[in-house]
Amino acid sequence: MAFVEFKNVYKRYKMGEVTINASNGVNFEIEKGEFAVIIGASGAGKTTVLNMLGGMDTCDEGEIIVDGKNIAEFNSKQLTTYRRYDIGFVFQFYNLINNLTVRENVELATQICKNAASPDEVLKSVGLEERLNNFPSQLSGGEQQRVSIARALAKKPKLLLCDEPTGALDYNTGKTILKLLADTCKHFGVTVIVITHNSAIAPIADRIITIKNSKVSSVEINKDPVDIDSIEW
Amino acid sequence: MKKAFLKDTFREIKNSFGRFMSIFTIVTLGCGFFAGIKATMPDMKQGAELYFEENNLMDLKLSSTIGVKAEDIAAVKSLDIVEGVMAGYSKDVFCNDEGKNSVLRMMSYNNTLDEENVNNINHLVLVEGRLPENPGECVVDKRLSSDTFKIGNTLDIFSANKDEELSDTLARDEFEIVGVVLSPLYIGFERDNTLVGTGTVQGFVYILEEEFVSDYYSEMFLTLKDFDYEPFSDEYRNEVEKAEETVGEVFEESINQRFNDMMTLYENRLSSAEDSMAELENILSLNVDELYELKTSTEAEIADYESKITDESGSYEQAKLSQAKSRLEQLDALIYARTNNDEDVISEYEKQLSEINAQIADSKEQIALMDEPAVLTYTRFSNSDYGSFSGDSEKIDSISKVFPVFFIIVAALVCLTTMTRMVEEQRTQIGTYKALGYSSAKIASKYLIYGSLAALTGSFIGTTIGLQIFPRIIYNCYKMLYNIPEIVTPFKPIYVLCCMAVSVACICFAVIYSCYRELSSQPAALMRPRSPKAGKRVILEKIPFIWNKLDFLAKVTVRNLLRYKKRFLMTVVGVAGCTALILTGLGLRHSITSILDLQYGEIFIYDGMASLNTAEYSVDDCEQVIIDNKNTQSCLKVFQRAGKVSLEGDSQEIYLVVPEKSDEISDYVNLRNPTSKKAIELSDNGAVITQKIANLLDVKAGDTIEVDLDELGKINVKILAITENYAVHYLYMTSSYYEKLVEKPVYNVSFFKCTDGTDTDAYSEEIISSGKVLGISYNADNGENMRKSLNSLDAIVWMLVVCAGILAIVVLYNLANINITERVREIATIKVLGFYDSETSAYIYRENIISAFIGILFGFGVGVILHRFVVLTAEVDLVMFGRTVVWWAYVLSAILTLAFTALVNIILHFKLKRIDMVESLKSVE
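Residues numbered from 1 in each chain as written. Chains lettered and ligands numbered in written order. Predicted model: local features only at pLDDT ≥ 70, side-chain atom pairs only at ≥ 80, totals over all residues. Heavy atoms only, no water.

S.K.: Can you help me understand the interface of chain B and chain A in this one?
M.R.: How big an interface is tends to be stated in terms of accessible area lost as the parts join. Taken residue by residue, the interface counts 30 residues in chain B and 31 residues in chain A. Across the chain B to chain A interface the summed buried area is about 2900 Å²; carbon plus sulfur atoms make up 61%. Across the contact surface, chain B and chain A share two salt bridges. Residue Glu839(B) pairs with Arg84(A) through a salt bridge whose shortest N-O separation is 2.5 Å. (Contact = heavy atoms within 4.5 Å. Buried area = accessible area lost by both parts, 1.4 Å probe. Salt bridge = Lys/Arg side-chain N within 4 Å of Asp/Glu carboxyl O.)

Written out as structure tokens, the structure reads:
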């Protein structure tokens with residue numbers, strides 16, 4: 001059985017009298033340790049998938065299996081526990097807490113986990129050992145996103161979910177962040193799922209899932225992912 | 001103004017209704033509380049005024065020791081200043097009320113006068129049943145609450161005085177109770193004093209006027225013409241005192257006239273009796289010849305009178321004539337007796353002589369008994385409840401000077417934060433308007449309209465409701481004390497307009513203050529998201545000693561608190577206000593009630609005081625009655641009299657207390673140092689003064705004060721010590737020191753202690769019935785009466801607590817709400833990180849709880865100051881309230897404040913639960 005599995009997942013929103021199918025029977029699988037990319041235009045329904053996978057939202061129908069458990073059946077407390085121990089989240093806008101230093105932002109995550117990594121070590125591994133005591137406002141966008149990644153990784157999650165991690169960054173910085181994510185996947189063996197509208201980055205992934213009109217339109221397995229430096233957009 | 005812009009403004013209200021409501025609520029609360037409490041005094045006074053007017057309450061009451069008769073009424077009525085006059089009967093009688101004798105005052109009710117008649121004074125206010133219509137019916141005082149006085153029962157009364165028959169004054173001694181009434185004459189608990197029984201009337205009973213059989217009225221009530229002064233004002237008091245003097249003089253004149261007439265009548269009767277006795281004696285001593293001689297002269301006299309008498313001649317001649325005629329008869333009879341030696345006739349005459357003699361003795365006694373008449377005049381102020389009513393309402397007024405101010409400050413702060421937050425949230429919109437070319441003033445007007453609308457509606461509704469609710473709530477507490485059935489709560493446009501103006505001014509200031517920064521920015525800058533407020537190191541981090549000891553979340557909390565300084569400060573102010581209000585309320589209540597236990601439990605350790613009838617009996621005889629009673633444990637003769645000390649032009653009454661045995665006073669009154677509680681001994685070199693008057697006079701041990709003892713002159717008293725005391729002022733001294741200053745003291749009262757479990761009513765009854773003691777007052781009763789009047793405080797304290805609670809909840813909720821909306825992203829993020837709901841709440845709560853704790857500490861400080869202020873304001877010269885706040889008031893106020901904080905946190909918990917994690921994915925606004 002695959003590490004992550006979506007089976008006929010439906011998510012409907014009621015907007016007044018109209019019901020919108022944000023997920024209209026989504027099916028896909030991701031294997032453990034893969035670097036997966038979910039691609040779709042804005043409004044295609046990829047964020048809904050991410051929300052459900054990240055335990056931030058529930059589905060109306062279908063099964064979402066993560067590491068053998070059907071999280072679609074979880075109640076809100078179980079979902080929180082799931083987010084706490086199994087998921088690392090990297091936000092488009094970093095979502096660092098401005099009032100906390102870099103180290104403290106990571107500590108915010110580690111102090112609620114049982115087997116968390118040392119914040120200093122994780123920050124060193126993302127190359128921020130010099131900036132431990134700085135506040136987010138003193139960092140560049142790329143640096144902030146690294147803190148965000150460090151915060152997610154420090155929890156030693158089973159799944160690292162990244163929502164448009166390069167969306168707010170410039171080209172070069174974006175590239176370094178993607179590289180960091182790819183490296184993380186390789187070195188730590190974490191399953192990384194990146195959600196993006198930018199199809200140019202597809203070649204670097206092990207698996208490319210394309211979403212269109214709230215459905216998975218194609219799943220492509222890339223036997224030979226290219227290096228991040230060789231792609232351009 | 002452009003239509004679209006207006007539309008936006010009104011949609012804004014609709015869309016952010018919660019925010020609009022929070023401004024509205026706090027303004028409503030602040031204005032309502034302020035206006036309501038402020039209006040209570042005028043409303044209470046106005047209600048009373050209306051009640052007096054409706055029931056045509058008397059302005060003056062006149063009575064005399066020889067009653068009131070038609071000619072006195074006519075004399076008073078002829079005065080220009082008098083409008084209506086009503087005379088009435090009254091009689092103090094006993095009735096058996098559940099085993100003990102109660103004194104009732106039977107009063108006459110005139111059912112022939114209609115409501116509108118100016119002479120119908122002091123209308124009875126029916127509470128239950130109906131007014132008396134037939135003989136044998138009565139209505140009773142509402143104060144008489146025991147089962148004896150239920151409607152339908154028969155009331156049996158009997159004479160309170162053994163030497164008097166009830167039938168001399170009343171037609172019957174059984175009445176059917178047909179109704180329960182109030183009388184505007186008695187607005188409180190106090191009834192008149194009486195010379196019978198325990199000395200105080202328990203209640204009044206009204207019966208039809210014709211059931212009184214006396215030939216003179218007991219009293220007369222009158223109202224004054226064109227007397228439109230407010231009944232509690234100084235003006236009224238001054239004018240009524242003037243009228244009292246004028247009317248009193250006329251009344252006294254008429255009484256004296258009547259007295260003199262009566263005296264002349266008695267004297268004439270006496271002299272004519274004496275005349276006839278002399279004549280009879282004279283006749284009896286004569287022999288027959290002399291009798292004939294006298295007969296001839298008498299016949300001549302008769303003829304002379306008869307010739308003179310015409311129709312116009314006066315009664316003098318008539319009397320002389322009949323006198324002469326009867327003399328002639330006597331003479332004829334006597335001549336016959338003497339000539340025939342008829343001893344029967346002689347002895348008959350001798351018998352007649354002794355009869356006349358007895359008559360003379362009687363008349364002499366009657367004249368001797370006729371004391372000079374005394375005239376008594378009363379005003380409404382003679383009943384002390386009248387003064388306490390206005391005093392109590394003024395006390396509320398002094399409270400209204402402090403408490404509502406808090407609400408207004410807090411309301412202003414809440415408006416400021418709320419509007420600031422609103423303007424900050426709408427940065428982009430402001431930028432858009434600016435970019436579209438709207439002027440700063442116009443943009444600001446949107447927020448001005450928003451804020452003003454909330455403030456206007458809030459203050460209008462708040463004052464309108466507050467003016468109705470608060471005076472009623474407060475008066476309801478006082479209703480236990482006063483019989484005025486309703487107070488009026490008229491709409492007061494001035495209050496409403498002032499409150500509206502002030503609230504709008506406040507909110508406009510808040511809006512302009514918060515808009516200023518945004519509006520002075522460039523539109524482009526406004527369109528960009530404001531760079532988030534950077535994190536900063538706080539001072540505490542520089543002290544690694546403490547900082548390193550804090551756990552991670554504590555550090556975060558400290559940073560957050562100091563980051564949002566304004567909000568933190570405001571929470572602290574709000575919470576401090578809440579704690580301070582509760583602390584003041586509870587502390588005030590304790591400060592006032594505790595003095596009763598101190599004064600009547602610790603300071604006065606004797607049970608009661610008997611006033612001795614030294615005018616008729618010797619002091620020792622009087623005291624013997626008390627000593628002989630089996631329930632008396634001990635007693636001490638004391639000379640007590642009131643003196644005056646002058647105090648900045650005003651004078652203050654002080655009681656001189658001179659015990660017969662100065663070493664025994666400590667068994668009756670605990671003389672002790674107010675702070676060290678060390679006992680004070682009386683000494684022959686000076687006096688001991690009580691602390692409040694010492695403070696007022698600013699005297700220390702060693703100083704000398706001047707006390708004015710009226711006819712005994714002024715004395716200079718050396719103060720040796722100051723003693724603890726809470727109510728009324730006393731000056732304790734030994735008899736020898738008093739003798740040195742004035743004269744040998746004439747003991748007039750006796751302090752006594754009863755054995756445990758003494759039935760005080762029976763005890764008084766036994767002692768007073770001897771006639772050697774005029775009255776007895778118990779310290780326990782005095783304390784109880786004061787406690788009763790203080791019970792009304794409870795409700796006021798509760799009202800303060802409730803208002804403080806609402807204040808705390810509104811402030812905390814509002815600020816925490818702003819806190820949450822401002823940090824929605826942060827909260828959503830930590831939720832995504834996997835914080836459980838309880839952890840998420842705790843993350844926010846810590847800040848609230850810490851602010852609350854700091855607020856409580858500040859509240860203690862403010863509360864202590866406020867408490868002191870209120871105590872000093874509410875304290876009258878006669879008493880001293882406790883100055884310190886009792887420890888449990890701190891505990892209780894802290895607990896209550898925390899409870900309110902907890903309540904807000906519970907509400908917030910659900911709000912936090914509802915925050916959608918998807919918020920964390922959105923871009924920064």
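S.K.: Even after reading the chapter, I still don't get the sheet that holds strand S7 (residues 159–163) of chain A, so can you show me in this structure?
M.R.: Picture the strands of a sheet paired through backbone hydrogen bonds; they go either parallel or antiparallel. Residue and element names in this part refer to chain A. A sheet is described by the order of its strands in space; here six strands give the open sequence S6-S7-S8-S3-S9-S10, paired in mixed fashion. The two strands at the open ends of the sheet, each matched to only one other strand, are strand S6 (87–90) and strand S10 (215–221). The mean inter-strand angle of the sheet, taken between neighbouring strand axes irrespective of direction, is 20°. Bridge count for S7 against strand S8 (residues 191–196) is five bridges, and the pairing is parallel. Paired with Leu159 across the strands is Thr191, a residue of S8. Along the sheet, helix H2 (residues 76–86) makes contact with S6 and S7, crossing S6 at roughly 75°. (Pairing = 2+ DSSP bridges. Helix = DSSP H or I, 4+ residues; strand = E, 2+ residues; numbered from the N terminus. Axes fitted to C-alpha atoms, helices over the stretch in contact; angles between N-to-C directions.)

S.K.: Help me out: how do you make sense of the packing of aromatic side chains in this one?
M.R.: Two numbers describe a pair of aromatic rings. These are the distance of the centres and the angle of the planes. Residues and elements named next belong to chain B. Counted according to the given criterion, the structure contains 35 aromatic pairs over all chains. Considering the side-chain rings of Phe835 and Tyr843, the 6.4 Å spacing of their centres and the 75° angle between planes classify their relative orientation as edge-to-face. Here Phe835 and Tyr843 have matching classes, each one buried. Taken together, the ring pairs in this structure connect Tyr51, Phe52, Phe227, Tyr229, Phe232, Tyr236, Phe381, Tyr386, Phe389, Tyr475 and Tyr482 into an aromatic cluster. Directly above the ring of Phe381 sits Arg237, whose terminal nitrogen or CZ lies 4.2 Å from the centroid. The lysine or arginine in question, Lys753, covers the ring of Tyr668, its NZ or CZ lying 5.7 Å from the ring centre. (Phe/Tyr/Trp six-rings, centres within 6.5 Å; stacked < 30°, edge-to-face > 60°. Buried < 20%, exposed > 50% of the residue type's maximum accessible area, 1.4 Å probe, protein only. Lys NZ or Arg CZ within 6 Å of the ring centre and 35° of its normal.)

S.K.: Help me out: how do you make sense of a positive patch on the surface in this one?
M.R.: A cluster of like positive charges, contributed by Lys3(B), Lys7(B), Arg11(B) and Lys14(B), occupies part of the molecular surface. Of note, Lys14(B) is situated in helix H1 (residues 3–15). (Patch = residues over 30% accessible without salt bridge, like charges linked within 9 Å, V, L, I, M, F, W, Y side chains within 5 Å. Areas by Shrake-Rupley, 256 points an atom, 1.4 Å probe, with all protein chains shown as cover. Lys, Arg positive; Asp, Glu negative; His and termini not counted. Charge placed at Lys NZ, Arg CZ, Asp CG, Glu CD.)

S.K.: Explanation requested: the packing of helix H2 (residues 17–54) of chain B against helix H12 (residues 493–519) of chain B in the structure shown.
M.R.: Helix packing for two helices is described by the angle between their axes and how far apart those axes are. Residue and element names in this part refer to chain B. Interaxial distance between H2 and H12 falls to 10 Å at its minimum, and their mutual angle equals 145°. Read as a crossing pair, H2 and H12 show a hand that is right-handed. Seen from H2, the contacting residues are Ile23, Val27, Cys31, Phe34, Ala35, Lys38, Ala39 and Pro42; seen from H12, they are Tyr495, Cys499, Ser503 and Ile507. In terms of residue class, the contact of H2 with H12 is built from 10 nonpolar, one polar and one charged. (Left-handed = near helix turned anticlockwise from the far one by under 90°. Nonpolar A, V, L, I, M, F, W, Y, C, P; charged D, E, K, R; others polar.)

S.K.: Explain the sheet that holds strand S5 (residues 69–70) of chain A here, please?
M.R.: All names here are of chain A. The four strands are arranged S2-S1-S4-S5 in an open sheet whose pairing can be described as antiparallel. In this open sheet, the two strands that pair with only one neighbour each are strand S2 (18–30) and S5. As judged from the 10 bridges shared by strand S1 (residues 4–15) and S2, these two strands associate in the antiparallel manner. By the bridge assignment, Tyr10 is partnered in S2 with Asn24. In this fold helix H1 (residues 46–53) packs onto S1, S2 and strand S4 (61–66), with an angle of close to 115° to the strand it touches most, S1.

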